[in-house]
Amino acid sequence: MTTKFVETVDPDISSEEMDVILKRDGCLIVRDAIDHASIDGLLADLAPYMERKPLGNGDFLGFQTKRLHSLFTKTERVHDFVIHDKVMEMVDLALGPWCDSYQLNSNSITAIGPDETPQQLHRDSALYPMAYPRERNTTATAFWALTDFTEENGATRVIPGSHKWGEDRVPRDDETVGAVMTKGSFCAFLGGIYHGGGRNTTSDEWRVAMLAGFALGWLRQEQNWYLSLTAEEVRKMPEKLARLLGF
């Protein structure tokens with residue numbers, strides 16, 4: 001039986017408490033983890049790229065959704081989100097037991113526009129063909145709310161507890177709950193959690209998120225930072241971030 005809500009916690013939650021929730025539900029929301037000024041600066045830097053970005057062209061990517069990649073080449077403000085202390089603490093818990101070091105697997109903006117339909121439910125860990133159920137996590141994700149996430153504007157749908165399901169269990173839409181959260185919060189979930197972008201029923205709201213996905217250090221990264229970044233750009237980064245990228 002799945003939990004019919006995503007537990008929301010304060011940024012000062014202890015590692016021990018976070019670990020209990022992640023193991024039980026596979027997901028949680030950390031409310032108001034970063035200030036609005038940081039978000040507004042990030043969005044301002046990315047606005048010219050988002051304006052030029054075309055809408056998606058498929059059921060999975062969406063027809064009213066914009067996705068923006070290679071964020072590190074567009075603004076240094078993304079650094080504070082990816083290596084945020086609470087995000088790193090979550091990834092330490094999720095992936096630390098299974099590797100000597102983990103790495104940034106993917107990073108992008110997902111902006112769901114008005115009239116978008118729900119995304120197909122999926123597991124991020126499906127990228128790596130390792131069967132469920134299993135104890136080991138291969139991936140973990142922090143999904144930052146750069147705008148408020150509401151049931152109406154496409155809040156990500158998740159199924160708490162689905163990280164414990166076997167391969168034969170097919171997720172249903174009626175099992176999902178919305179990751180409703182305020183701007184500046186982030187939803188953390190393990191790679192085995194079924195989730196998908198929600199339906200945007202508004203006429204004028206864009207639900208904007210930034211994804212920071214992490215994977216075990218001995219797996220191949222989904223995005224190739226060695227091609228998208230120059231050596232000069234990497235040298236300007238905090239060492240912690242450069243190492244997460246694989247340098």
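Figured I'd write up the structure that's included with this text. As the structure is a prediction and not an experimental result, all values here were calculated from the model. (Residues numbered from 1 in each chain as written. Predicted model: local features only at pLDDT ≥ 70, side-chain atom pairs only at ≥ 80, totals over all residues. Heavy atoms only, no water.)

**Details of the sheet that holds strand β10 (residues 207-216)**
Then step 1. An order of β1-β2-β8-β5-β10-β4-β3 is seen for the 7 strands of this open sheet, with the pairing classed as mixed. The two strands at the open ends of the sheet, each matched to only one other strand, are β1 (8-9) and β3 (65-68).
Then step 2. Two strands pair when backbone bridges link them, and strand β2 (residues 27-30) and strand β8 (residues 186-190) are joined in this way by 4 bridges, in the antiparallel orientation. Looking across to β8, one finds that L28 is bridged to A188.
Then step 3. Of the strands in this sheet, β1, β2 and β8 touch helix α1 (residues 15-25), which is tilted by about 140° from β2.
Then step 4. Here helix α4 (residues 85-95) sits on the sheet and contacts β2, β4 (102-112), β5 (139-145), β8 and β10; the angle it forms with β5, its principal contact strand, is near 155°. (Pairing = 2+ DSSP bridges. Helix = DSSP H or I, 4+ residues; strand = E, 2+ residues; numbered from the N terminus. Contact = heavy atoms within 4.5 Å. Axes fitted to C-alpha atoms, helices over the stretch in contact; angles between N-to-C directions.)

**Concerning the environment of V87**
Then step 1. Checked against the element boundaries, V87 lands in helix α4.
Then step 2. Beyond its immediate stretch of four places on either side in the chain, V87 contacts F81, V82, A142, W144, F186 and F214.

**Details of α1**
Then step 1. Among all positions of α1, only M18, D19, I21, L22 and D25 are buried. One side of α1 holds all its buried residues, which, seen down the axis, span an arc of 170°. Across α1 from its buried face, at more than 90 degrees, point the exposed residues E16, V20 and K23.
Then step 2. The inward-facing, buried residues of α1 abut β1, β2, α4 and β8. (Buried < 20%, exposed > 50% of the residue type's maximum accessible area, 1.4 Å probe, protein only. Arc of directions from axis to C-beta.)

**Some points on the packing of aromatic side chains**
Then step 1. As enumerated under the stated definition, the model contains 7 aromatic pairs in all.
Then step 2. Where F143 meets F149, the ring centres are 6.3 Å apart and the plane angle is 80°; that geometry is what we call edge-to-face.
Then step 3. For F149, a relative accessible area of 1% gives the class buried.
Then step 4. Of the aromatic side chains, those joined through ring pairs into one cluster are F81, W144 and F186.
Then step 5. If you follow R123 out to its NZ or CZ, it ends over the ring of Y132, 4.0 Å from the centre. (Phe/Tyr/Trp six-rings, centres within 6.5 Å; stacked < 30°, edge-to-face > 60°. Lys NZ or Arg CZ within 6 Å of the ring centre and 35° of its normal.)

**A short note on the pattern of salt bridges**
Then step 1. Using the criterion set out here, one finds 13 salt bridges in the structure.
Then step 2. Measuring nitrogen to oxygen at the nearest pair gives 2.6 Å for the salt bridge that ties R169 to E175.
Then step 3. Of the residues examined, R169 reaches a relative accessible area of 34% and is grouped as partly exposed.
Then step 4. Overall, E175 belongs to the buried group, its relative accessible area being 6%.
Then step 5. Notably, a salt bridge pairs E232 with R235, separated by 3.9 Å at the nearest N-O pair. (Salt bridge = Lys/Arg side-chain N within 4 Å of Asp/Glu carboxyl O.)

**Let's talk about the sheet that holds strand β6 (residues 157-158)**
Then step 1. Spatial strand order, β7-β6-β9: 3 strands in an open sheet with antiparallel pairing. In the strand order of this sheet, the two ends are held by β7 (177-178) and β9 (195-196), each with one partner.

**Some remarks on the nonpolar core**
Then step 1. Counting 54 residues, the largest nonpolar core has F72, V82, M210 and F214 as the members making the most contacts within it.
Then step 2. Listed in part, the 16 residues of the second largest apolar core include V6, F149, A179 and L211. (Core = buried A, V, L, I, M, F, W, Y, C linked by side-chain atoms within 4.5 Å.)

**With respect to the side chain of R134**
Then step 1. Locating R134 in the fold gives a position in the loop between β4 and β5.
Then step 2. A polar contact is formed between the side chain of R134 and the side chain of Y132, at a distance of 3.1 Å.
Then step 3. At 2.8 Å, the side chain of R134 and the backbone oxygen of R136 are in polar contact. (Polar contact = N/O pair within 3.5 Å; in protein donor to acceptor, adjacent residues only side chain to side chain.)

**Overview of the pairing of β4**
Then step 1. Counted residue by residue, β4 has 11 buried out of 11 residues, so it is predominantly covered.
Then step 2. For β3 and β4, the ladder comprises 4 bridges, and the chain directions are antiparallel. Residue pairing across strands places L68 opposite I109, the latter belonging to β4.
Then step 3. In terms of strand pairing, β4 meets β10 through 10 bridges, oriented antiparallel.

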